[in-house]
Amino acid sequence: MRLIFFTLFTLTFLNAGGGVLDVDWSSIDNSQQKPSAPYPSVLRDGIKDVHLPVYLSASYAYDKNMMVVAGENFYSVSFKLDGASVVFEGDKTFQESVAPTNPEFQKIVKQTPPVEYVESEGMMIAEFNRHGVNYAITVECDEPKTDGRCTEQSFVQKLYRHLVMVGGRR
Amino acid sequence: MKYFFLIVSFLLLTACTKQSSYNGKEFSYNPSGKLVPSKSGKGRKGDNYIYAPGIRFPIESAPAYLNSQLYGVGGYLGPKGSLCNKKNYSYPWSDNYCEKRRYSMPLCSGGHGHQGVDIRTATCEKRKYYAVAVEKGVITSIGSYVVKLRGKSGRTYRYLHLDSRSLKVRTGQKVRRGQRIGLVSNNMGKTPTSIHLHFDMKQTIKVGNRSKSVFVPPYSSLVDAYKRLLDGHP
């Protein structure tokens, strides 16, 4: 019965047609867009074509050693720390769509908190949705089983709490 | 009448547990969502949807064995023995997406489970077999044991446990489908794991006017990709 249910479910509800999500620019806090000093050129140049709000933790926004990989619909900014690395990501694409009436995904979306802290293969991840776009902060440790930054949520929580918008075009 | 029900029950049971073989070739695999051993968790049975159609198999060459690391021979929760036991290096494949973990996994029963699958290479040797790009894309980040590829589709693929010194890519590099990324190893930072590739796929699913990024089941996509690899058209 379950087999029949899932087969019907996947065939009926999933639509492989992907696309781009709409960014709710009206929900942006404009005061965050005024940095106290210009951000490093590696960041300014790296995200100049990104068409979604770009968020980094305030304490990292001026680190010139960041690595930026970005396109019109996504960005990934990574930092090497002592014994760990941090990656800030945002992406406004989707790969599947399901009907709003789909019971499984309706439940999943309804139960998703504003920010979710997820353990993942020794990493600690904060996932959240802002302005209709999906973001993640990932902390990966050289010693994942013992490094508190990857075994406890406090470090990634701190990164999340100190997020500032550092750019992104409409 | 009693015998009739017994025979019907037997046939039904056989049909449910039958391993699918491929074109008479040696490769066989259990159905998606059937976790082995059954105590290893509750799989997402019956979800045969190919979430990543047309991807290349993430290991350059066959054979490769998709099965549990944790519950396989020599695994932390598996039967005693060597991790190199030939049982670990044999068909059929067994899905291990949703295998018991404490990780949050909305698509798994109970909301927790393994976010991807573990794949062993042809032999129990580290730094011998290459992991390759499953689709054209860009390497978005490289950590101490994780390489992340964002495909042209927008889907994100994570390759875990590659040997850091053997990496053929750098952050920001554009890669073509099938391009070498690095050698499969047991790298997990300073705390090594067993020799395997952990591979997972994350994509965003739009539900009405909302959306959610989730780790989706890779098993059916990988079975499809592996068949093409065996056919010589990866």
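Rules used in this analysis
- Residues numbered from 1 in each chain as written.
- Chains lettered and ligands numbered in written order.
- Predicted model: local features only at pLDDT ≥ 70, side-chain atom pairs only at ≥ 80, totals over all residues.
- Helix = DSSP H or I, 4+ residues; strand = E, 2+ residues; numbered from the N terminus.
- Contact = placed C-beta atoms within 7 Å.
- Rg over C-alpha atoms; globule rule 2.2 N^0.38 Å.
- Buried ≥ 20, exposed ≤ 12 C-beta atoms within 10 Å, placed from the backbone.
- Pairing = 2+ DSSP bridges.
- pLDDT = per-residue confidence, 0-100.
- Arc of directions from axis to C-beta.
- Core = buried A, V, L, I, M, F, W, Y, C linked by C-beta atoms within 7 Å.
- Axes fitted to C-alpha atoms, helices over the stretch in contact; angles between N-to-C directions.

S.K.: Give me the overall build of chain A: which residues, what numbers.
M.R.: A tally of helices and strands in chain A yields 5 helices and 11 strands. Judged by the C-alpha coordinates and their principal axes, chain A covers about 60 × 40 × 25 Å. For chain A, contacts bridging at least 24 residues in sequence account for 59% of all contacts bridging at least 6.

S.K.: With reference to specific residues and values, describe the overall build of chain B.
M.R.: Of the regular secondary structure elements, chain B holds 2 helices and 12 strands. Scanning chain B from its N terminus toward the C terminus, one meets helices and strands in the order α-β-β-β-β-β-β-β-β-β-β-β-β-α. Here the C-alpha atoms of chain B give a radius of gyration of 18 Å, agreeing with the 17 Å that 2.2 N^0.38 yields for 234 residues. C-alpha extents for chain B along the principal axes are approximately 70 × 50 × 40 Å. The buried share among the 234 residues of chain B stands at 51%. For chain B, long-range pairs separated by at least 24 residues make up 62% of all intrachain contacts whose partners lie at least 6 apart in sequence.

S.K.: Could you give an account of the pairing of strand β11 (residues 197-207) of chain B, with specific residues and numbers?
M.R.: Moving residue by residue along a regular strand, the side chains alternate between the two faces of the sheet. Residue and element names in this part refer to chain B. Of all 11 residues in β11, 11 are buried; the element is thus mostly enclosed. Neither face of β11 is open: one carries Leu197, Phe199, Met201, Gln203, Ile205 and Val207, the other His198, Asp200, Lys202, Thr204 and Lys206, and all of them are buried. Across 5 bridges, strand β8 (residues 156-160) lies against β11 in antiparallel orientation. The partner of Arg158 across the bridge, within β11, is Asp200. Relative to strand β12 (residues 210-216), β11 runs antiparallel, the two being bridged by 7 bridges. Residue pairing in the sheet places Thr204 in a bridge with Ser213 of β12. Once β11 ends, the chain turns through 2 residues before running back antiparallel as β12, passing Gly208 with a positive phi of about 65°.

S.K.: Describe the interface of chain B and chain A, listing the residues and the values that go with them.
M.R.: Where the parts come together, the accessible area they lose is often given as the size of the interface. On the side of chain A, 45 residues touch chain B, which itself brings 38 residues to the contact. In terms of residues, the side of chain B that touches chain A owes the most to one element, β11 of chain B, which gives 6 residues. For strand β7 (residues 96-98) of chain A and β11 of chain B, the ladder comprises 3 bridges, and the chain directions are parallel. Residue pairing in the sheet places Glu96 of chain A in a bridge with Ile205 of chain B of β11 of chain B.

S.K.: Give a detailed account of the confidence of the model for chain B, specifying residues and quantitative values.
M.R.: All names here are of chain B. When pLDDT is averaged across chain B, the result is 92; 90% of the residues are at 70 or more. Note on residues 4-18: pLDDT is under 50 here. Beyond four places in sequence and across chains, it has 0 contacts. Among the scores for the predicted complex, ipTM is 0.92 and pTM is 0.92.

S.K.: Which residues make up unusual backbone geometry, and what are the values?
M.R.: A cis amide bond links Val36 of chain B with the next residue in sequence, Pro37 of chain B, at an omega value of -5°. Relative to the elements of secondary structure, Pro37 of chain B occurs in the loop between β2 (25-29) and β3 (65-66). In the segment running from Ala62 of chain B into Pro63 of chain B, the intervening peptide bond is cis, with an omega of -5°. With respect to the helices, strands and loops of the structure, Pro63 of chain B is situated in the loop between β2 and β3. Despite not being glycine, Glu121 of chain A has its phi angle at roughly 50°, a positive value. Take Glu121 of chain A: it is sitting in the loop between β8 (115-120) and β9 (123-130).

S.K.: Tell me about helix α5 (residues 154-161) of chain A, and name the residues and values.
M.R.: For the α-helix, the turn length of 3.6 residues means that residues three or four positions removed from each other point alike. All names here are of chain A. Within α5, burial applies to Phe155, Val156 and Leu159. Buried residues along α5 cover an arc of 95° about the axis, so they all sit on one side. Of the exposed residues in α5, the ones pointing more than 90 degrees away from its buried face are Ser154 and Arg161. Buried-residue contacts for α5 involve β2 (54-57), β5 (84-91), β8, β9, β10 (133-141) and α4 (148-151).

S.K.: Before we move on, can you summarise the environment of Val69 of chain A with the specific residues and values?
M.R.: By secondary structure assignment, the location of Val69 of chain A is in strand β3 (residues 67-71). In this structure, the C-alpha to C-alpha distance between Val69 of chain A and Asp91 of chain A, residues 22 residues apart in sequence, is 12 Å. Setting aside chain neighbours within four positions, we find Val69 of chain A in contact with Ser76 of chain A together with Val138, Thr140, Thr171 and Gly172 of chain B.

S.K.: Can you lay out the nonpolar core for me, pointing to particular residues and giving the numbers?
M.R.: In this structure, Val139 of chain A together with Ala131, Val147 and Tyr159 of chain B are the most contacted members of the largest nonpolar core, which totals 98 residues. Residues within four places of Ala131 of chain B in sequence aside, it is in contact with Pro58, Ile59, Tyr159, Leu162, Ile181, Gly182, Val184 and Leu197 of chain B.

S.K.: For the sheet that holds β5 of chain A, give the residues involved together with the corresponding values.
M.R.: All names here are of chain A. Here we have 6 strands laid out as an open sheet, ordered β3-β4-β5-β10-β9-β8, and antiparallel in their pairing. Either end of the sheet is taken by a strand with one partner, and the two such strands are β3 and β8. Taking the axes of each pair of neighbouring strands and ignoring which way they run, one obtains an average angle of 15° across the sheet. Where β8 and β9 come together, 6 bridges link them in antiparallel fashion. Pairing of Ser120 across the sheet is with Met123, part of β9. Lying on the sheet, α5 is in contact with β5, β8, β9 and β10; it crosses β10 at an angle near 140°.

S.K.: Give me the lowdown on the environment of Tyr62 of chain A, citing residues and values where you can.
M.R.: All names here are of chain A. Within the secondary structure, Tyr62 sits in the loop between β2 and β3. Sequence spacing of Tyr62 and Ala136 is 74 residues, and the spatial spacing of their C-alpha atoms is 20 Å. In this structure, Tyr62 is in contact with Tyr39 and Pro40, ignoring residues within four places of it in sequence.

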